[in-house]
Amino acid sequence: MVHSSSEQIELKEKDIKKAKDLLAKKYESLGRTVALFVKDKTFSYCLNELSNYEIAKGNYERLLRKANNIKNKVDTVNDCKSEIFELRKLLLEKKREEETQLSRFGAAIYEAYTNNNFDQDIINELDQIFHHINITIEKYKTKSENTSVILFSAIYEKKLKKKKKELSNLFIKASLYILENNLDSKINFINKDKYLISLKKAIKSRENLDSQILNCENRIEEIKKEDNESPNRKLEEIKREVESAKEVKINAAILLGEELYNNLPDDINSEEIGIKAISLIDNITLQLAKIESLEQDIVKLNNEIIITELSAQIAHERTKIKTLEEEILNCNKQINKIENIINQKRDKIIELKKEGTFEQSTLDLIALDESDGNTER
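These lines cover the structure that appears in this document, whether it is placed above or below. For clarity, every value in this text was computed on a predicted model and none was experimentally measured.

Here the focus is the overall build of the protein. Counting its secondary structure elements, the protein contains nine helices and zero strands. The N-to-C order of helical and strand elements in the protein reads α-α-α-α-α-α-α-α-α. The buried share among the 377 residues of the protein stands at 29%. Considering only contacts within the protein whose residues lie at least 6 apart along the sequence, 78% involve residues at least 24 apart. Surface accessibility of the protein: about 26200 Å² in total, with carbon and sulfur atoms responsible for 51%.

Bringing unusual backbone geometry into the picture now. The backbone of cysteine 46 shows a phi angle near 50 degrees, a positive value even though the residue is not glycine. Tracing the backbone shows cysteine 46 in the loop between helix H1 (5-37) and helix H2 (47-114). What makes cysteine 46 buried here is its relative accessible area of 12%.

This part is about the packing of aromatic side chains. The final tally for this structure, using the stated rule, is seven aromatic pairs. Both rings, one in phenylalanine 43 and one in tyrosine 45, keep their centres 5.5 Å apart while their planes meet at 65 degrees; by these two values the pair is edge-to-face. Judged by its relative accessible area of 10%, phenylalanine 43 falls in the buried class. Following the ring pairs from residue to residue traces out a cluster consisting of Phe105, Phe118, Phe189 and Tyr195.

Let us look at the packing of H1 against helix H6 (residues 231-263). Packed helix pairs are specified by the crossing angle of their axes together with the interaxial distance, meaning the distance between the axes. Taken N-terminus to C-terminus, the directions of H1 and H6 make an angle of 85 degrees; their axes are 7 Å apart at the nearest point. Classed by the angle they form, the pair H1 and H6 counts as roughly perpendicular. Here H1 contributes Ala24, Tyr27, Glu28, Leu30, Gly31, Arg32, Val34 and Ala35 to the contact with H6, which in turn contributes Ile250, Ala253, Ile254, Leu256, Gly257, Glu258, Leu260 and Tyr261. Here the residues of the contact of H1 with H6 are counted per class, giving 11 nonpolar, two polar and three charged.

Our focus in this paragraph is the pattern of salt bridges. Note that side chains of opposite charge can pair when their charged atoms are close. In total, this model carries 13 salt bridges according to the counting rule given. The closest approach of N and O atoms between lysine 20 and glutamate 295, which form a salt bridge, is 3.9 Å. Taken together, the residues span a long stretch of sequence, with lysine 20 in helix H1 and glutamate 295 in helix H8 (residues 275-353) at a distance of 275 residues. Judged by relative accessible area, glutamate 295 falls into the partly exposed class, the value being 35%. One salt bridge connects arginine 88 with glutamate 217, and the closest N-O pair in it is separated by 2.7 Å. Here arginine 88 is found in helix H2, whereas its partner glutamate 217 is found in helix H5 (residues 192-227), with 129 residues between them in sequence. Residues joined in a network through salt bridges with shared partners are Glu98, Arg206 and Asp210.

Now for the side chain of arginine 206. Of note, arginine 206 is situated in helix H5. Beyond its immediate stretch of four places on either side in the chain, arginine 206 contacts Leu91, Lys94, Lys95 and Glu98.

Next up on the list: H8. An α-helical turn contains 3.6 residues, so a residue and the one three or four places further along point in the same direction. Here H8 spans 115 Å end to end across 79 residues, near enough to the 117 Å set by a 1.5 Å rise per residue. Along H8, the residues that are buried comprise Ala277, Leu280, Ile281, Ile284, Gln287, Ile291, Leu294, Ile298 and Leu301. On its buried side, H8 packs onto H1, H6 and helix H7 (270-273).

Here the focus is the nonpolar core. Among the nonpolar cores identified, the biggest contains 27 residues, and Leu30, Val34, Phe43, Leu256, Leu260, Leu264 and Ile273 are the most heavily contacted of them. Within the residue set of this core, elements represented by two or more residues are H1, H2, H6 and H8. Broken down by element, the residue count for this core peaks at seven residues, all from H6. Not counting residues up to four positions away in its chain, the partners in contact with leucine 260 are Leu30, Gly31, Val34, Phe43 and Cys46. Counting 26 residues, the second largest nonpolar core, distinct from the first, contains Tyr110, Ala112, Tyr113 and Leu126.

Right, let's get into the environment of isoleucine 70. The topology assignment puts isoleucine 70 in helix H2. You can call isoleucine 70 buried: its relative accessible area is 3%. Residues in contact with isoleucine 70, not counting those within four places in the same chain, are Pro231, Lys234, Leu235 and Ile238.

Quick notes on the rules
- Residues numbered from 1 in each chain as written.
- Predicted model: local features only at pLDDT ≥ 70, side-chain atom pairs only at ≥ 80, totals over all residues.
- Heavy atoms only, no water.
- Helix = DSSP H or I, 4+ residues; strand = E, 2+ residues; numbered from the N terminus.
- Buried < 20%, exposed > 50% of the residue type's maximum accessible area, 1.4 Å probe, protein only.
- Contact = heavy atoms within 4.5 Å.
- Areas by Shrake-Rupley, 256 points an atom, 1.4 Å probe, with all protein chains shown as cover.
- Phe/Tyr/Trp six-rings, centres within 6.5 Å; stacked < 30°, edge-to-face > 60°.
- Axes fitted to C-alpha atoms, helices over the stretch in contact; angles between N-to-C directions.
- Parallel < 35°, antiparallel > 145°, perpendicular 65-115°, else oblique.
- Nonpolar A, V, L, I, M, F, W, Y, C, P; charged D, E, K, R; others polar.
- Salt bridge = Lys/Arg side-chain N within 4 Å of Asp/Glu carboxyl O.
- Expected span 1.5 Å × (residues − 1).
- Core = buried A, V, L, I, M, F, W, Y, C linked by side-chain atoms within 4.5 Å.

In structure tokens, the structure reads:
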């Protein structure tokens, strides 16, 4: 596909932009390479630019360390939140398991309590929990058994079931009461130790999860107190500072690289600035030559456009000249035609004047000539 000159210029301008971007990167690389190589050596070229680059680099690295520190805190907070979420799901399972074990232990305690298998002081303690509901259960049980009316019997049975369901919560309450008051050693029934082992294991599992959640929550609070603000918001702020400092550092490296390229002597060697710097200098030279070549191509293309435009203008002007020449030719033809008509009319006038005296006719012709002369002027 053949491109017009304008399209070729546009393509070459894009190539120049890419070439200049690459050139800037090479200047930056040269600046960074030389600065690193001569860090602990005596170096007398571009000292001001070198100092500015070191300052910009130091500021960028300081902010980057600060940003990484804040990011670590943010990651810690996020990790803690994720861990809390997972731990709370586990905690629900452990709480259900704990309630199940508490209920089983409480049911065993209740059975022993109703069978009077405990010492009186323990029974007195458990009366606070079970006595009232036992009375109610016995009342509904007795009424249900003694009534002859089927409807009433069904009502009492329903109330009895409801009260027995309430026992589940009392089983848990009794278990907790026994444990919290260290009464487990004073009670005794079949499989008591087995119940206690399962229950205490469930409680310990739940407590461990509670402790882990609390540790995560405390860590989050500690991080928030350290900075007195949200680490996420602070991270966004420091990111902007880091990006700005990075841009300053890059520009300082580019300026240093450009000054080094322009000021380093031709006989500089790798021992003074490093092998990589020598290679970069050669690459920069080639890149500059490429940009210059592209710019010259654009000048040529622009000249071609101007030449084309001027040629078109010349062709247009020649057309105008031709048109004017044709118009002049037509005008001359018209003038000749009019002059012929005038001559014919003059001849006619002469013939007509012959009827008068010669003198008078001559005078009239002179007047007519003067009149024609004035008209021409």
